[in-house]
Amino acid sequence: ILLGEVNEIIWCNPSAEKFFDMSSNNIGTKITYILRQPEFEKILVSTTRKSKNHENKPHIILRLKKTFEELVLSVTLIPYDKKKILVLIKDVSDLERIENTRRDFIANVSHELRTPLTVIHGFLETMSKHNDKKLILSQALPLMSEQTVRMTRLIEDLLTFTKVESQGLRNEENVNIPFMLSTLIIEARSLPGTKHEIFIEHCSELWLRGNAEELRSAFENLLSNAIRYTSPGGTIKLKWETLAKVIRFSVEDNGVGINQIHIPRLTERFYRIDKSRSRETGGTGLGLAIVKHVANRHQAELRIKSEEGIGSKFYIDFPMERSFTNT
Ligand code: ADP
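Residues numbered from 1 in each chain as written. Predicted model: local features only at pLDDT ≥ 70, side-chain atom pairs only at ≥ 80, totals over all residues. Heavy atoms only, no water.

(A) Fine view of the site of the ligand. Around the ligand there are 21 residues in total, and Arg 228, Tyr 229, Ser 278, Gly 285 and Leu 288 lie nearest to it. One of the side-chain N or O atoms of Asn 225 is found 2.9 Å from an oxygen atom in the ligand. In the environment of the ligand, a nitrogen atom lies 3.4 Å from a nitrogen or oxygen atom belonging to the side chain of Ser 312. Across the complex, the protein chains shield 98% of the 530 Å² of accessible surface that the ligand would expose by itself. (Near = heavy atom within 4 Å. Polar contact = N/O pair within 3.5 Å; in protein donor to acceptor, adjacent residues only side chain to side chain. Areas by Shrake-Rupley, 256 points an atom, 1.4 Å probe, with all protein chains shown as cover.)

Structure representation (structure tokens):
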């Protein structure tokens, strides 16, 4: 936006028009009617128009409320042609959002790694002070090893997450979903903590075009969650079924269930309802975030239905075009 001698708008580009809802009627209007921010007015007053010195470019970050979101604008004032000022505005809202997400992510990962490390460190310290090292060692070793397993699981999930978050979908192949589900079930049943009734309630014969490793990881995460959040003796049903417009993978359990208020946030990284249950059962807090990304990469949608104390149903709806009959 170009300003004249008394800070009136004398020109603006189409982007500024669109952004601030301006039209040719606004030519001649003072900029402070459009950008009503005291901080902006302050730097405007202090900007000298006489200076041709390009070093003198006052800069400010403004935050504007626009309907539901906050906009972050980077504003630079450039004295121009003696009596004019060029106001250069850049919308940096997305950049700031990405930066905040990155910061939160690093803070979360550090916190997740720090907890097991603190436990291991504690044991090592006790051991160095204690005379009966053998006794301490026999008690500490299994617990220390549990913590290293936890760290390894976190690192593995972080690597998977980075993979499914960053690149586009690669290595698409014809995936035999019925076979994949039957092996998943066998593996799940043989896990030491599994004392549930797990079965495939319905299985379409259709195969799916996609990345086998990612699909397996998503299905495995949902099945392992169902086991971890259902008491022993509970029932877990898997389905692979064709509906009117989609082909659906679903896992249904009659476990602890989820209060509605948590559902919209479940796929956020490290979001957990019951932190101790998640940790005790080997959760990293990344499972559903991975599932959601894998679904998105296959143009599919992850949906969650649940009732506290009754059970949960997680389903992934794949576009029908991805499915086919293997001949
Ligand atoms: P975690 O490793 O903690 O299980 P996830 O991302 O897989 O992380 O899941 C996020 C949270 O969603 C869990 O901590 C748990 O509170 C909730 N959750 C996931 N699956 C289920 C389920 N089948 N039943 C009840 N709660 C679930």
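Following the structure, the description resumes.
(B) Layout of the sheet that holds strand β3 (residues 59-66). Spatially, β2-β1-β5-β4-β3 is the arrangement adopted by the 5 strands of the open sheet, whose pairing is antiparallel. On the outer flanks of this sheet lie β2 (9-11) and β3, each paired with one strand and no other. Across 8 bridges, the pairing between β3 and strand β4 (residues 69-80) is antiparallel. Looking across to β4, one finds that Lys 66 is bridged to Glu 69. Each of β1 (2-3), β3, β4 and β5 (84-91) is contacted by helix α3 (residues 38-46), which is oriented at about 150° to β3, the strand it contacts most. Across the face of the sheet, helix α4 (residues 93-129) comes into contact with β3, β4 and β5 while running at roughly 125° to β4. (Pairing = 2+ DSSP bridges. Helix = DSSP H or I, 4+ residues; strand = E, 2+ residues; numbered from the N terminus. Contact = heavy atoms within 4.5 Å. Axes fitted to C-alpha atoms, helices over the stretch in contact; angles between N-to-C directions.)

(C) A look at the packing of helix α7 (residues 212-228) against helix α9 (residues 287-297). Taken N-terminus to C-terminus, the directions of α7 and α9 make an angle of 140°; their axes are 9 Å apart at the nearest point. By the criterion of interaxial angle, the relationship of α7 to α9 is oblique. Seen from above, α7 lies across α9 with left-handed handedness. Seen from α7, the contacting residues are Glu 214, Leu 215, Ser 217, Ala 218, Asn 221, Leu 222 and Asn 225; seen from α9, they are Gly 287, Leu 288, Ile 290, Val 291, Val 294 and Arg 297. In the contact of α7 with α9, the residues fall into 7 nonpolar, 4 polar and 2 charged. (Parallel < 35°, antiparallel > 145°, perpendicular 65-115°, else oblique. Left-handed = near helix turned anticlockwise from the far one by under 90°. Nonpolar A, V, L, I, M, F, W, Y, C, P; charged D, E, K, R; others polar.)

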